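Secondary and tertiary structure notes
Each chain, letter by letter, is given below.
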Amino acid sequence: MSCTDSASSSHGGEYKNFRQITRDRLLLEMLKSSSSGDSRGWKVLIMDKVTVKVMSSSCKMTDITDQGISLVEDLFKRRQPMPSMDVIYFIQPIKENIVMFLSDMSGREPLYRKAFIFFSGPTPKELVSHLKNDSSVLPRIGALREMNLEYFPLESQAFTTDHDRALEELYSKSSEKSRQFDITMTTMAIRIATVFASLKEFPVVWYRAKGMDGTSAATFRDLVPVRLASAVWDTISMYKTSIPNFPQNETCDLLIVDRSLDLIAPIIHEWTYDAMCHDLLDLDGNKYVQEVPNKSGGDPQRKEFLLEDHDPVWLEMRHLHIAEASEKLSDKMQTFMSKNKAAQLQQKDNSELSTREIQKMVQALPAYNEQMEKLSLHVEIAGKVNKVVRDEGLRDLGQLEQDLVFGDAGTKELIHFLRSYQHTDTEFKLRLLMIYAMVYPEKFEGDKGTKLMQVAKVPSEDIKVFQNMKLLEGTNSKKKHHGAFSLKFDAHKKHHALRKDRTGGGEEEEETWQLSRFYPMLEDLIEKLGKNDMPKDEYQCMNGPRPKNAATNDTSAKSGGTANHPNSRRSRRTTKPHASGDGHSSNSTSAATDFKNMGQRIFVFIIGGATRSELRVCHKLTAKLKREVILGSTSLVDPAQYISKVKMLSE
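In this text the structure is predicted, and so the values were computed from the model without any measurement.

**Comments concerning the overall build of the chain**
Helix and strand content of the chain: 22 helices and 15 strands. Here the chain holds 651 residues, and the buried ones make up 55% of them. Carbon and sulfur atoms make up 49% of the accessible area of the chain, which amounts to about 28,500 Å² in all.

**Quick notes on unusual backbone geometry**
Of note, the phi angle at Asp162 is positive, near 60 degrees, even though the residue is not glycine. With respect to the secondary-structure elements, Asp162 resides in the loop between strand S8 (158-160) and helix H6 (166-171). Relative accessible area serves as the criterion here: at 33%, Asp162 is assigned to the partly exposed category. Positioned with a positive phi, Asn532 is a non-glycine residue whose angle comes to about 55 degrees. With respect to the helices and strands, the residue Asn532 is situated in the loop between helix H19 (521-530) and strand S13 (539-541).

**Section: the pairing of strand S2 (residues 43-47)**
Across the 5 residues that make up S2, a large majority, 5, are buried. Along S2, one buried face is formed by Lys43, Leu45 and Met47 and the opposite face, lined by Val44 and Ile46, is buried too. With 5 bridges connecting them, S2 and strand S3 (residues 69-74) associate as parallel partners. From the neighbouring strand, Val44 faces S3, where its bridge partner is Leu71.

**Description of the environment of Val439**
Structurally, Val439 is set in helix H16 (residues 426-439). Each C-alpha atom of the pair Val439 and Gly410 lies 8.8 Å from the other, and the pair is 29 residues apart in sequence. Setting aside residues no more than four positions away along its own chain, Val439 makes contact with Leu404, Val405, His496 and Leu498.

**Details of the pairing of strand S7 (residues 152-155)**
Bridge count for S7 against S8 is 3 bridges, and the pairing is antiparallel. Across the sheet, Phe152 pairs through a bridge with Thr160, a residue of S8.

**Regarding the environment of Ser175**
Relative to the helices and strands, Ser175 is located in the loop between H6 and helix H7 (179-199). By relative accessible area, Ser175 is classed as buried at 2%. Taking the C-alpha atoms as reference points, Ser175 and Arg221, 46 residues apart in sequence, are found 9.5 Å from one another. A polar contact of 2.9 Å, which involves the side chain of Ser175, links it to the backbone oxygen of Ser172.

**Describing the packing of H19 against helix H21 (residues 612-625)**
Following both chains from N to C, one finds H19 and H21 inclined at 30 degrees, their axes separated by 9 Å at the closest point. Put simply, H19 runs roughly parallel to H21. Crossing geometry of H19 relative to H21 is assigned as right-handed. Contact with H19, carried on its side by Leu522, Glu523, Ile526 and Glu527, involves Glu614, Val617, Cys618, Lys620, Leu621, Lys624 and Leu625 of H21 and no other residues of that element. Its residues assigned to classes, the contact of H19 with H21 comprises 6 nonpolar, no polar and 5 charged.

**Section: the sheet that holds strand S9 (residues 203-208)**
Spatially, 7 strands are ordered S7-S8-S15-S14-S10-S9-S13 in an open sheet, and the strand pairing comes out mixed. Two strands lie at the open edges of the sheet, namely S7 and S13, each paired on one side alone. Strand-to-strand, the axes of this sheet are offset by a mean angle of 25 degrees, without reference to chain direction. Strands S7, S8, S9, strand S10 (252-258), strand S14 (602-607) and strand S15 (629-633) of the sheet are contacted by H7, whose axis makes an angle of about 165 degrees with S14. Relative to S15, H21 is tilted by about 160 degrees, and along the sheet it contacts S7, S8, S14 and S15.

**Examining the nonpolar core**
In this structure, Phe90, Leu228, Ile256 and Tyr273 are the most contacted members of the largest nonpolar core, which totals 128 residues. Of all hydrophobic cores here, the second largest spans 25 residues; its members include Val604, Ile606, Leu615 and Val617.

**What about the side chain of Asn97?**
If you trace the backbone, Asn97 turns up in helix H4 (residues 95-105). Judged by relative accessible area, which is 1%, Asn97 ranks as buried. Once residues within four sequence positions are removed from consideration, Asn97 is found in contact with Asp48, Leu75, Phe76, Ile91 and Gln92.

**Concerning the pattern of salt bridges**
Two side chains with opposite charge may pair up if their charged atoms get near one another. Tallying each qualifying case throughout the model produces 37 salt bridges. One salt bridge connects Arg165 with Glu168, and the closest N-O pair in it is separated by 3.0 Å. We note a salt bridge from Arg612 to Asp274, for which the minimum N-O separation is 3.5 Å. A residue pair is termed long-range when its members are at least 10 positions apart, and Arg612 in helix H21 and Asp274 in helix H9 (residues 273-280) qualify at 338 residues. One exposure class covers both Arg612 and Asp274, and it is buried. Here the residues in one salt-bridge network are Arg19, Glu155, Asp309 and Arg318, joined through shared partners.

**Looking at the packing of helix H14 (residues 394-405) against helix H15 (residues 411-420)**
Interhelical geometry of H14 versus H15 gives an angle of 160 degrees and a closest axis separation of 11 Å. The angle between H14 and H15 places the two elements in the roughly antiparallel class. Crossing geometry of H14 relative to H15 is assigned as left-handed. Every residue of H15 that contacts H14 at Asp396, Leu397 and Leu400 is listed here: Glu413, Leu414 and Phe417.

**A few points about the packing of aromatic side chains**
Under the criterion given, the structure shown has 16 aromatic pairs. Relative to Phe159, the ring of Phe18 has its centre 5.7 Å away and its plane inclined at 45 degrees; by these criteria the two rings are tilted. Linking Phe18 in helix H1 (residues 18-31) with Phe159 in strand S8, this pair joins segments that are 141 residues apart in sequence. Comparing Phe18 with Phe159, the two get one shared label, buried. Chaining the aromatic ring pairs together yields one cluster made of Phe18, Tyr151, Phe159 and Phe605. The ring of Tyr519 has Arg499 lying over it, and the distance from NZ or CZ to the ring centre is 5.8 Å.

**Here we look at the confidence of the model for the chain**
Interpreting fine coordinate detail is not advised for predicted regions of low pLDDT. Scored by pLDDT, the chain has a mean of 83; 78% of the residues are at 70 or more. Within the chain, no element has a lower average pLDDT than helix H20 (residues 554-559), which sits at 36, and none a higher one than S14, at 98. Counting contacts from residues 477-494, a segment whose pLDDT is below 50, to residues more than four positions away or on other chains yields 51 contacts. Every residue in residues 549-592 is under pLDDT 50, and counting partners more than four places away or in other chains gives 118 contacts.

**Some thoughts on the environment of Leu228**
Following the sequence through the fold, Leu228 ends up in helix H8 (residues 224-242). With a relative accessible area of 0%, Leu228 lands in the buried category.

**Considering the side chain of Asp279**
Along the chain, the position of Asp279 falls in helix H9. By relative accessible area, Asp279 is classed as buried at 15%. Aside from chain neighbours lying at most four places away, what touches Asp279 is His269, Glu427, Phe428, Arg431 and Pro639.

About the thresholds
- Numbers given to residues run from 1 along each chain, matching the order in which its sequence is written.
- Owing to the predicted nature of the model, reporting of local features is limited to residues with pLDDT of at least 70; listing and counting of side-chain atom pairs is limited to 80 or more, with chain, interface and lining totals taken over all residues.
- The side-chain numbers reported here are obtained from all heavy atoms of the structure, hydrogens and water having been left aside.
- By definition, any uninterrupted DSSP run of H or I lasting at least four residues is a helix, any uninterrupted run of E lasting at least two residues is a strand, and each is numbered from the N terminus.
- Classification of residues uses two cut-offs on accessible area relative to the type maximum, computed with a 1.4 Å probe and protein chains only: under 20% is buried, over 50% is exposed, and between them is partly exposed.
- What sets the accessible areas is the Shrake-Rupley method with a 1.4 Å probe; for residues, cover comes only from the shown protein chains.
- Two strands qualify as a pair provided DSSP detects at least 2 bridges between them.
- Note on contacts: a residue pair qualifies if any of its non-hydrogen atoms lie within 4.5 Å across the two residues.
- Polar contact criterion, stated in full: a pair of N or O atoms within 3.5 Å, where within protein one must be able to donate a hydrogen and the other to accept it, and residues adjacent in sequence count only if both atoms are side-chain atoms.
- Think of each axis as a best-fit line through the C-alpha atoms, taken over the contacting stretch in the case of a helix, with angles from 0 to 180 degrees between the N-to-C directions.
- Each angle gets one of four labels, with under 35 degrees taken as roughly parallel, over 145 as roughly antiparallel, 65 to 115 as roughly perpendicular, and the rest as oblique.
- Each crossing is labelled by how the near helix is turned from the far one, with a counterclockwise turn of less than a right angle marking it left-handed and a clockwise turn marking it right-handed.
- The classification used treats Ala, Val, Leu, Ile, Met, Phe, Trp, Tyr, Cys and Pro as nonpolar, Asp, Glu, Lys and Arg as charged, and all other residues, Gly among them, as polar.
- To form a nonpolar core, buried Ala, Val, Leu, Ile, Met, Phe, Trp, Tyr and Cys residues must be joined to one another through side-chain atoms within 4.5 Å.
- The rule for a salt bridge is simple: a side-chain nitrogen of Lys or Arg has to be within 4 Å of a carboxyl oxygen of Asp or Glu.
- Stacked, edge-to-face and tilted are the three classes for Phe, Tyr and Trp ring pairs, Trp counted by its six-membered ring, which pair at centre distances within 6.5 Å; planes under 30 degrees apart are stacked, over 60 edge-to-face, the rest tilted.
- Distance and angle both matter: a charge sits over a ring if NZ of Lys or CZ of Arg is within 6 Å of the ring centre and within 35 degrees of the ring normal.
- The score called pLDDT rates the predictor's confidence residue by residue, from a low of 0 to a high of 100.

Okay, structure coming up:
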């Protein structure tokens, strides 16, 4: 018996997206593979607190029971003996888990008949030896494998390492010499590496190398992406010899950056349906609670809905501009009501319905109710979002935010807004001041920042947000239009701007919507990576990049960066939609992406939290570059969460 990894591969055969491969590995490679020979009956599945998150992020309970699992248990909770049943352990390879396993399966009366053990990550040899040294347990082990699957899919093209406190643990004033820094870095690296183990991908590992060009001394924060890239590379290099059929040559690209790449994206208002829902509504993750009328006439009932890939309306609307999404939802509702038989018949007087019409209505009602429920849900959500936009004056606020970033507004416009919209939510005004501080850092020197906060009626203790932003910025050299923040920024620069407008290059302009001018810096970076044109002064590679003229595949060579970007427009709409879309148009939704003709994957990992605008960009560029772009991060953050994390950097 040996501790081995499975030999499945993502190469060849039908193309499956990132999340599909993850799900198949868990259900088929782990659960189904344990149901063979004399182990075909129902089984118990035991997981720890980490692996239960891994499983729940990819699979539903019905998926698990379909593979012969009758009971799911927690490793560290007291469990009833089931000596006639086999058990599957999906656990982390750590000492306390091994101790619990041996407690379950050793001695004369084990809790279960036979155990199939699947480790979520690389397993230290001493732990395997510890298992094998127990002579009573060894005959009861049916399988001992490394699944190397310890990441958490968020959706079809995104995952996290579940490090919600990464900013605090890696970038705070006390983190440099803390033991937690090393623990977080090691765990993060292993979890990222298991993505490549699962997909059987061997990446070219790029990383942001701030302060390594010799012009200034690199801080320990500058070196976080470097250290993470090195740790990921070490683990992936080990896979080349330990995992059967693992590629020996590079098959994809991995880019590791940190939040300093773009400090504006986490706080500026992103005007897509997805971002607006998570920014303005009180959601619990992706969970929305709707109050529906009680049929018996009592208090309204609360019903939970998940805004996720299984909802076709959500998939279609999530990356649309909120104005376009609202229009489409209204049109869909009207079309549905006019064409659906059940809806038409319900609008008739009951006395006028024939027996045949009643029969048709009954037959159509289940499908009608399900579709009606989805549509009415999103109509309600969009209505709530639009109400907040109106009540808080967010259109004017959003316009000012983007004008500041693009150098079209300054102190005069800021003061005018703060005095005109005194009742705007305090958090929104704080975000506006944070953007202003990044564009005009000299305005926050001395007590200037405090005076601005008084005008904005923002609590004085929030001054630490501006101080802590400098911790994330790091080295001041090579500062270009990346949205970084430093009090040493050139105060005499005539034109303050942290973004440049993206021009159309002469081709037909794409459809644009008001307030869709902003774009995250990740978009430019991924396009450069897709063209193998990374700026060598800021980005380095662990294993040597391809020759600059080498295309990863025919389709990416043809599409890599040749399409034009939409001009910014402040009018509501300009020309007709262009075929490639601008990311705010329904033409670029991931649902329409043809994955069968994809080139090599691009993986991007952001230390310190990714934003919904960056997730949208990954979907957009997947269609444009013909390469599946997968976004990884320590967590997916919304503006309020991000600000809370920044505040904790000095605590």
